[in-house]
Amino acid sequence: MSRKSSPAKASLGRGLDALLARPASRASIQTLALDRIVRAEYQPRTVFEPEALAELAQSIRDKGVLQPLLVRPRGEGFEIVAGERRWRAAQLAGLSEVPVVIRDLADREALEIAIVENLQREDLGPLEEARAYQALLDQGLNQEGVAQAVGKGRSTVANALRLLQLPERALRALEAGEISAGHARAVLALPEGDRAWALEQILGRKLSVREAEALKRDARAPVTPVKVNPPSPWRQMELTLSRRTGTKVKIQGDDRGRIELNFASREELDRLLALLGLNDDAEA
């Protein structure tokens, strides 16, 4: 007997709009208090630009939340499947509740929908996209299954996953925006032993993607080291804090230094202070 695909799976290629287009009895819109909604750890997007959030918050103040969040029951509350950016902006806008569609979704269905929503909005960075595909592989899908689930070609998925094979330094450079996905693919096109050298050339000489693609190391020529600023020893901690706070974080110094958290509005500052448990102190 052939197995029918689930309604959620059939709608994935069309994203959240298709889910909301169902009859009201199956996907009715209701209102939930913001404090009953939590973000999901599996969400593929990890960093939200403060300026863009501030703009969306202003739009929400003017016009409200035009598209409901998709959530699923989780414990005593609800977990975001799609719409974390709207959830964050609604908090900045001072809302106490938001419109939602509640669906009872399995982990894999929720992950697939979250990935599709971000891909359709082009919200994911290259490594966020690659890690999202890897998360689906970890759920038991093969590359063909991942491609079908997110409405992409298999070669697109395979090329994205290849980025995870980059040397650690190149992964950090890509995540920090020091190199592009095109630079990263140029590095991966070289023999494994030449990839660290290629990254040094790209960073030290500020090569374009086309110039990076033309790199070819002559084994007979002496190696002239290119001076590259060493990576921050705090890079992993910066990324962890960025994921926790939803904004860019920079750590400077060694035994002594400072931590910088970016915000684009008073509301964004209040959100960060609340995360740090400092709201009462600030108001006092």
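Check the entry above for the structure.
In this text, all values refer to a predicted model and were calculated from it rather than measured experimentally.

Visitor: If you had to explain the side chain of Glu128 to someone new, which residues and values would you point to?
Guide: Its place among the elements puts Glu128 in helix α6 (residues 126–138). Judged by relative accessible area, Glu128 falls into the buried class, the value being 14%.

Visitor: Please provide a residue-by-residue account of the pairing of strand β6 (residues 249–253), values included.
Guide: Summarising the sheet, β6 and strand β7 (residues 257–261) pair through five bridges and their orientation is antiparallel. Bridging from a neighbouring strand, Ile251 pairs with Ile259 of β7. Counted along the chain from β6 to the antiparallel partner β7, the turn is three residues long.

Visitor: Run through the pattern of salt bridges, naming residues and quoting values.
Guide: The full count for this structure, using the stated rule, is eleven salt bridges. The closest approach of N and O atoms between Asp107 and Arg72, which form a salt bridge, is 3.0 Å. Here Asp107 is found in helix α5 (residues 107–120), whereas its partner Arg72 is found in strand β3 (residues 69–74), with 35 residues between them in sequence. Note on Arg72: relative accessible area 2%, which makes it buried. For Arg131, the salt bridge goes to Glu175, with nearest N and O atoms at 2.9 Å. Of the two residues, Arg131 sits in helix α6 while Glu175 sits in helix α9 (residues 168–175), which places them 44 residues apart along the sequence. Under the relative-accessibility criterion, Glu175 is labelled partly exposed at 26%. The structure contains a network of salt bridges with shared partners spanning Arg72, Arg74, Glu79 and Asp107.

Reading the values: the criteria
- Residues numbered from 1 in each chain as written.
- Predicted model: local features only at pLDDT ≥ 70, side-chain atom pairs only at ≥ 80, totals over all residues.
- Heavy atoms only, no water.
- Helix = DSSP H or I, 4+ residues; strand = E, 2+ residues; numbered from the N terminus.
- Buried < 20%, exposed > 50% of the residue type's maximum accessible area, 1.4 Å probe, protein only.
- Pairing = 2+ DSSP bridges.
- Salt bridge = Lys/Arg side-chain N within 4 Å of Asp/Glu carboxyl O.

Limitation: the analysis is restricted to geometry and does not speak to function.
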